[in-house]
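Coordinate inspection notes
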Amino acid sequence: MTLAAAMLPEFDHEMATTRALLEIVPAAEADWKPHPKSTPLGDLAAHIATVPLWGRMTLELTELDLGAPANAEMARTPFTTTPALVERFDRNVRDTRAALAAASDADMAVRWTLRNGARTVFTMPRATTLRSFVLNHLIHHRGQLSVYLRLRDVALPSVYGPTADTRG
């Protein structure tokens, strides 16, 4: 079994769980934030919908410069509506899943670099980038989103098990 094939079931599970949260983002609360230093709810959700795109970029490129003007939209895509958010997420997941399903172990071993202008943020194998920069990053922000939603009294779906809202 290839590294990519081994990663696909986890990718599918994490994306389905994330989609369930994005589907319930209340558009009317998009500007709400739990603290003055926090990211607004809509911006956090928009960021989460964009993170899967980074998986495709990881598999198609050997580096990504978030400081390049052409990549500015990718770094900060605004929230518009919940259906548009879910549509963008689905497109990014579909494209990344296809790229991941086609990846060989040699592809996964290629070193990948994230830059922000002249500054190198990190360089690591694609497999590690997919795990940390894409999956773990997504899971981290999904956890933040679940707290935001709870604080807005939105019923939460199951993530890794039942929530107070899904228990029978």
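Throughout what follows, the structure given in this document is the object of discussion. Computed from a prediction, not measured in an experiment: that's the story for all the values here. (Residues numbered from 1 in each chain as written. Predicted model: local features only at pLDDT ≥ 70, side-chain atom pairs only at ≥ 80, totals over all residues. Heavy atoms only, no water.)

**Some points on the pairing of strand S3 (residues 119-125)**
Let me state the cut-off plainly: Any two strands are treated as partners once DSSP identifies two or more bridges connecting them. Numbering of helices and strands starts at the N terminus; helices are DSSP runs of H or I of at least 4 residues and strands are runs of E of at least 2.
In this structure, strand S2 (residues 111-116) lies alongside S3, joined through 6 bridges in antiparallel fashion. Note that in S3 the partner of Asn116 across the bridge is Arg119.

**What to know about the packing of helix H2 (residues 41-60) against helix H4 (residues 82-102)**
Rule in force here: Axes here mean lines fitted to C-alpha atoms, for a helix over just the part in contact, with angles spanning 0 to 180 degrees between N-to-C directions. Small angles under 35 degrees read as roughly parallel and large ones over 145 as roughly antiparallel, with 65 to 115 read as roughly perpendicular and the rest as oblique. The crossing is said to be left-handed when, going from far helix to near helix, the turn is anticlockwise and less than a right angle, and right-handed when the turn is clockwise. Contacts are residue-level and defined by heavy atoms, with any inter-residue pair within 4.5 Å sufficient. In this classification, the charged set is Asp, Glu, Lys and Arg, the nonpolar set is Ala, Val, Leu, Ile, Met, Phe, Trp, Tyr, Cys and Pro, and all remaining amino acids, among them Gly, are polar.
Following both chains from N to C, one finds H2 and H4 inclined at 20°, their axes separated by 8 Å at the closest point. Taken as axis vectors, H2 and H4 run roughly parallel relative to one another. You can see that H2 and H4 cross each other, and the crossing is left-handed. Along the contact surface, H2 presents Ala45, Ala46, Ile48, Ala49, Thr50, Pro52, Leu53, Gly55, Arg56 and Leu59, while H4 presents Leu85, Arg88, Phe89, Asn92, Val93, Asp95, Thr96, Ala99 and Leu100. Grouping the constituent residues of the contact of H2 with H4 by class yields 12 nonpolar, 4 polar and 3 charged.

**Quick look at the sheet that holds S2**
In space, the 3 strands of this open sheet follow the order S1-S2-S3, with mixed pairing throughout. In this open sheet, the two edge strands, each paired with only one partner strand, are strand S1 (63-65) and S3. Along the sheet, successive strands turn relative to each other by an average axial angle of 10°, direction set aside. Looking at chain direction, S1 and S2 are connected through 3 bridges and run parallel. Considered in S2, the bridge of Leu64 is made with Leu114. Helix H6 (residues 126-151) contacts S2 and S3 of the sheet and is inclined by roughly 115° relative to S3.

**Focus on the environment of Thr166**
The topology assignment puts Thr166 in the segment after H6. A sequence separation of 10 residues divides Thr166 from Leu156, and the C-alpha atoms of the two residues are 7.5 Å apart. Thr166 has contacts with Leu156, Pro157 and Ser158, leaving out every residue within four places of it along the chain.

**A word on H4**
Under the convention used in this document: A helix is expected to span 1.5 Å multiplied by its residue count minus one. Only protein chains enter the accessibility calculation, which uses a 1.4 Å probe. A residue is then buried if its area is under 20% of the maximum for its type, exposed if over 50%, and partly exposed in between. What the arc covers is the set of directions going from the helix axis to the C-beta atoms. Polar contact is defined as a pair of N or O atoms within 3.5 Å, subject to the rule that within protein one atom must be able to donate a hydrogen and the other to accept it, and that residues adjacent in sequence are counted only when both atoms are side-chain atoms.
Counted at 1.5 Å a residue, the expected span for H4 with its 21 residues is 30 Å, and the 30 Å between its end C-alpha atoms agrees. Those residues of H4 lying buried are Thr82, Leu85, Val86, Arg88, Phe89, Asn92, Val93, Thr96, Ala99 and Leu100. An end-on view of H4 places all buried positions within 160° of arc, on one side of the element. Set apart from the buried face of H4 by more than 90 degrees, the exposed residues are Pro83, Glu87, Arg94 and Ala102. Of the surrounding elements, those touching the buried residues of H4 are helix H1 (3-22), H2, helix H5 (105-109) and H6. At the N-terminal boundary of H4, the capping side chain belongs to Thr81, with an oxygen 3.1 Å from the backbone nitrogen of Ala84.

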